[in-house]
Structures are given as C-alpha cells and as structure tokens.
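Understanding the architecture of this molecule
So the chains spell out like this:
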Amino acid sequence: MLKRRSIRAKMAALVIIPLVALLGLWLLATALTVGPARNLADAGLFARHVGGPAAQVVAELQTERRLTVVWLAQPGTSTEITAQRDATDTAVREFRQQSASEDVSDRADDLIKRRLTEFTGELDQLQSARSAADAGGAGRSADLRAAAMTAYTKIIDAAYRLFVPLAEVQDPQLSQLSRTLIGLSRARELVAQEDALVSAVFAVGKPAMNDVTQIAGAIGAQRQLFADAVGELPDADRARYQEMVRGDAFVQLAVMEEAFLSRGQPNNPLPINAANWRTATNAVLKALRSFEEQAAAAPAERSEAAVSTAYTRIVATGLAGLISVALALWVGLRVSRSVAGRLLRLRDTATDLAEVELPAVVARLRRGERVEVAEAELSFGHDEIGEVGRAFAEVRRTAVRSAVDEAVLRHGLNEVFLNVARRSQTLLHRQLSLLDRMERRARDPQELEDLFRLDHLSTRMRRHAEDLVILAGGAPGRGWRHPVAAVDVIRGSVSEIEEYVRVVVEKIPDVAIAGRAVGDIIHLLAELVENGTSFSPPQTRVHVSAEKGPDGLLIRVADRGLGMTEEALAEANARLAVPPDFDPANSARLGLMVVARLAARHGITVALTRSSHGGVCAEALIPNTLIATVPKPAAKPTPVTDLPKRPSGAKIPVQAEVSARPEPVAQTAGSVDVGGLPRRSRQAPAEPPASPAPEAASPVSERTPQRVRANLAAFQRGTASGRASLDAPADQATQPESLSDGGETDSSGSVPAGDNGPSSPAATPPETDSVEGDQPVRDEGKAQP
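Rules of the game
Residues numbered from 1 in each chain as written. Predicted model: local features only at pLDDT ≥ 70, side-chain atom pairs only at ≥ 80, totals over all residues. Heavy atoms only, no water. Helix = DSSP H or I, 4+ residues; strand = E, 2+ residues; numbered from the N terminus. Buried < 20%, exposed > 50% of the residue type's maximum accessible area, 1.4 Å probe, protein only. Contact = heavy atoms within 4.5 Å. Areas by Shrake-Rupley, 256 points an atom, 1.4 Å probe, with all protein chains shown as cover. Salt bridge = Lys/Arg side-chain N within 4 Å of Asp/Glu carboxyl O. Pairing = 2+ DSSP bridges. Expected span 1.5 Å × (residues − 1). Polar contact = N/O pair within 3.5 Å; in protein donor to acceptor, adjacent residues only side chain to side chain. Phe/Tyr/Trp six-rings, centres within 6.5 Å; stacked < 30°, edge-to-face > 60°.

Assigned secondary structure in the protein consists of 19 helices and nine strands. Split into buried and exposed, the 785 residues of the protein put 45% on the buried side. Relative to all contacts within the protein whose residues are 6 or more apart in sequence, the contacts with residues 24 or more apart total 80%. Total accessible area on the protein stands at roughly 39200 Å², and carbon and sulfur atoms take up 57% of it.

Moving on, we come to the pattern of salt bridges. Counted under the stated rule, the structure contains 24 salt bridges. Within the structure, one salt-bridge network assembled from shared partners comprises Glu 64, Arg 85, Asp 89, Arg 130 and Asp 134.

The sheet built from three strands is open, its strands ordered S1-S3-S8 with antiparallel pairing. Every interior strand has two partners, whereas the edge strands, strand S1 (484-485) and strand S8 (627-629), have only one. For S1 and strand S3 (residues 511-513), the ladder comprises two bridges, and the chain directions are antiparallel. If you follow Val 484 over to S3, its bridge partner there is Ile 513.

Spanning 27 residues, helix H13 (residues 445-471) covers 39 Å between terminal C-alpha atoms, matching the ideal 39 Å at 1.5 Å per step. For H13, the N-terminal cap is Asp 444; the gap from its side-chain oxygen to the backbone nitrogen of Gln 446 is 3.3 Å.

Attention now goes to the packing of aromatic side chains. All told, the structure shown has four aromatic pairs when counted by the stated rule. Residues Tyr 160 and Phe 163 carry aromatic rings whose centres are separated by 5.5 Å and whose planes lie at 90° to one another, so their mutual orientation is edge-to-face. With Tyr 160 and Phe 163 both in helix H6 (residues 142-166) and three residues apart, this pair spans about one turn of that helix. Classification of Phe 163 by relative accessible area gives buried; the value is 12%. Three or more aromatic residues link up through ring pairs in this structure, and these residues are Phe 226, Tyr 241 and Phe 291.

Okay, here's the thing in structure tokens:
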C-alpha cells in the first residue's frame, strides 16, 4: 500500500510559511521606513519649491505695500514703487514656475493643492490692487490707503495659510519647530503692517483716529506673537533670539512704539522721528527674516538626515526580503515540482473535454453519426490529485453518455412530430379537397358561408400542422412549380389567419416569388400577420406593404398595438437572426422559432422594429434569388390546365385566371361594393345574371352583413362557374388549387383584406379561447387585446 500524502499539506508547506515570513517582514519595513521617509522627503521638496519662493513673494509684497500707501498719502514720483513692482513680479514668476513642477503636483496632498490654488488666485488679484491705487492717485483720501492696505494684506494672509500644511511632517520635533517659525514670520508681518501704517501717517502729517487704532493693534498683536513663538524655540535658537532683540535697532523700535502708545493722539503729529523710524524698522525686519532663515536651516538638515536614514533602512529590509523570497522560491520549486506536472495534465484534459471533445461529440450527433462512449482511464497518481483525475474520467464518460442519450431522445421526438404532422397533413389535404368540391356545388348563401368558415379553419389547422414538421427539421408538403405573383403570396398568407378582415394590403410591386419558396413564405408571413392581429386592439388594422429594393423585396407588417420594449425587441431579433435549437421545455415561442427556421432555409432576413403608429413593424427581406418577373397575361382567355396549388384554402382565382374572368369594379379602402359581380359559364350562364353594380360604391357605414354575405355569395358563384368552364377542356382533370386572391387594388394600391381580401365571408370569433394552438412571435409578456 503506497503512502499517500495530502495535497493540502504540500500546498501549506509551499505557500503559508514563506508568505507569512515575507508579508510580516515587508509590512514592518513599510510601516517603519517607507512612510516617514516619504513624508520627510516631500517636506523637503515642498520647502524648496513652494515654501521658499512663497516667503520671497511675501517679503516683496510687504515692501510694495508700504511704498504704495506712502505714495497714496503724499504726492511724489513713482520711480521707487515702479522698481519695487518689478521685483515683486519677478518673485511671483519664480514662485509660479517652482510650484507648478510635476514633482509638486504628484506628491502634494489635497490640502496643499487647495491652499496653493487659493494663494495663486490671490496673486492674480495683485494687478487689480495696483490698478485701483493708480486710479486713485496720490493724496486723495484715507479710504484709498485703507483699501490698498487691505488688498495687499489679503494676499499675504493667503501665503501664510499655505505655510501651515507645508509644516506638517511625521517627525514631532520638526513639526513643532516649523510651526514656531511660522509664528515668528506672522509676528514679522505685523511689524511690516505697523511700518506701512506709520510711514503713511508720516507722509500725511497727522494720523486719523483709524490710523491710531490700527497702529496700536498691530503693536499689541506682534508683541504677543513674538512672546508665544519665542517660548517654543529650541534653547539654542531662543538664546540667539534674545541676543538679537537686545540690539540697538530693536531697542530703538521698542522705545518709539512706547512713545506712540503713550503720547500718540489723532490729528496730532506723531511723537517719533521719521528718519529714526525708517532706520530702525528696516534693520528689525531684515534681522527677523535672517533669524527665520537660520532657524529653518536646522530642520532642513535634520530632515535630509532622516530621509537618508530611512532609505538606508529600506535598502536593508529590501535585501532581507529578497533573501526570504529566494528561500521561498527554492522551497516552493522543490515541493511543487511533483505536483505541477500532474495538475497541468489534469488541466489540459479538462480543457480538451470542454473545448474539443464534447463539442465534437455534439456536432457528430447532430449530423446523425453514431458515437461510442469510450472507457479511457486517466492516471494522475495515488493522492488527492489522482482521485480527482479518476472522478473527472467518470464525469467525462457520463457527459458523453448523456449527450448521446439526449441526441437519441431528440431524434425520436422529432420522428414522433413528423409522423403525427404528416398524418394530420394528409387528412387536412383530403378535407380541403372535399370542401373545395362542396363549395363549387353550393348555391345557398348561408351554406356557402359555413363552408367558407370550415375551409378557413381547416387551412389554419394545416398551417399549425406544418409547424410541427418545421420544428422537427422537415419540410412542408406544399410546393409550386412556377413563380407566383407576390400580391397573391401576401394575400394567401393573410387568408390563413383568423382576423383577416382587419388586414389592409397596400400596393404590392409587380414581381413574383420562386415556386420553391412560395409555401414557406406564405407560412412565414402568416405567422407575422397573425402576430399583428393578436397583439393589437380589435378595432385597429394591420397594414401589409411591400417595396422592391436593390437587395430584394421588402415586406412590412405593421400593427398599432402596445409595442415591445427595447430589450424584448433585441431578444426577438437575436432569435430571428440565429434560429435556436428546438427545446420542448421552452414551448412559449414556437411561432418565433418557426419564422426563424423558415427564414434561414431561404436566406430571408426578418427583423422587428417599432412602427410609426406605436406598435411593432415586422420586416421580411426576400432576396433577389427568390424574385422573378410576373408573366404578362395572354391577350385572349385560354384554358388554364396547370395552375399553382392554393396555399391558403381560399377560393379566389390567381392572376393566371384574370384574363378568363370579367374586369373587376375599382374599389378604395374606404368604400367597397362587391355586389352585382357578373357570372360566367362554359357556353351559357348557369344562373341568371346578378343585378348590375351601382354607379358608385356605397360608404362603409351603409353596408350590412346581409348585403356583404349576398355579394360574396354572388362572387363565389361567378368564380365557380369560371372554374367549371376551365375544367371541361382539360378532360375533367382535377383542378389544381390556386393561391387566394383578395381582390383588386384601387389606384392607391391599398386593399383592406377584411373588405375584399381573402375569400371568406367575414371574420368570425374563435371557437376556443386559444389562438388555434399557435404561439405568436411577439413577447408573450404582453396581454392580448
């Protein structure tokens, strides 16, 4: 007994141990090195490309702000302010270029991008602020100075809002130092604001109440910010700051601020010297910015060192991970070599069964070939893989055996369908022949009407019997040797439905259909026309039209029903394009399947679309290979001995008999009068002539059922006499059945089949609740009217 090893144990040894070690190592390395290193590197990048250029823009804007408010307060030349504006524009261009780099765009988070966009938008307003100042002119009012002060300060505030997210790093010490430096920079901004306000007052001569208030507020705010920021500085930086503020410029500025706070009054000269103020503030602002740059150098150096250390750790952990991967691969190759070969063989066998063997078996069975179930053994070892292989071999045998059994069952079922259908067809053909002889002998109108109705029902039963033949793969027994006019084919199809009175046949081109396809096309069109009548309100009409195009004869059947959804139309058209296999379990769409098979047999294209009236329009394109030219009728009446067989059971002669019968009365779709049709016999009239037709057709509203019945009876008697006259020269040969002729078209080409269409007396209600066992092509989810 061979020792069996579990495939689960092999896969666990192959995958779990290396993966656990590798994932743990890489997760630790990522958490400890990659995140902080990337954050510090990004902080250094933002400081170089965003923070530094933005700080330079702020310094230039502070100087331009002071010069602008001084120029607005006192007339003078604009040479100095023009030069400062050029310097500011240079700083702005440098900032825009640096901040628009791809590195900044790729590595900045959403907050930095939003603050950067805000600052850039404020810089776009700089030119507007300059234009407002230039338009106001010098010495105009304090309001202009206040507006200019507000415009420049707003731009600078946007820059400080940008500095805040740039200072956020994962290193706590570096983050704290960065926030402290931002606080010092804001304090310096307040000193610059104080300088601009005092310089403007010097130019005016005396401060206003608003000037005194703003200067005092700036002094108090900058002192508070300096005190808060200095307390957060590192010891070394705090010592340097305290030494800096003990300098002469800082002391002199503090003295002048105290003098202003104690003795400064509105509308009185400032208690300080303008020259001393200018010297002291320039020195203080320069010293404060130099201190900020020196203090920021230490975090930058520390950040670079931290990034270098982090990358060193990444390299170390990467090497360790590489070694782990190599070890895992070596173990995996050693363990999986014995398993991989058998798994590949099993996969190839399964793929061959699914993609090659089973499709080939099914194709052979459909061609009627004999298939033997092979008893092949699949050997994949003695472990779990071997058991799977043996189970798969059994599945393979079962699948092939099932396919063979299903093919045998399908073939037997088709034979049953064909046998039953052929028997029914034989009886129906004999019944139709008997009805034909009875109709020729009938003279009573009521009896003739009943015979017509029975003939019509038998014709429909014959079509439904042919459905079984078509679904079973056979061909119906009806056939024609010669081409038949398209109008007769269409009328013959209309005569095979129950509600033929609702069908209007429009003008049909003067072409013929090849005899070999006449029966199938009649059947196909009958299914489509019956769909139109079944899924439309009973008071509406179904229009049948045709037109000859370069690709063939296009026949349209349009109704005014509820229509179909786009999904239902797409599904139905897919079934019509590719006929599905007959499935007895899906018997709800037999009509659709019959139409698809008939169309595929002759290369006919059938499609369903939306009609212009809201219903569905079925289009059938008869190819040119099935189209022939209608032969012109002979100049004189000649006996017809070889007429095409009647496809619909109706009793109206085909066009070959037109020359042998009287000319019909012209009719329109709105008025029909078939009364007074002449009758003819072989030598003399078999009956007294019918009363002549009225001068003009009476409207549809004046017709009565009795009048229509009498007219149709007279018409039937005339056609019966004409056939009798044709039978004698043919030595009493059996008269071939002919296509139904629904009457002549008027000048517009439209003929309502319910008025002078198929040769049935009138539409009668169905005797059962179903539609004669037929399944329409349309979606069954819609209720029939």
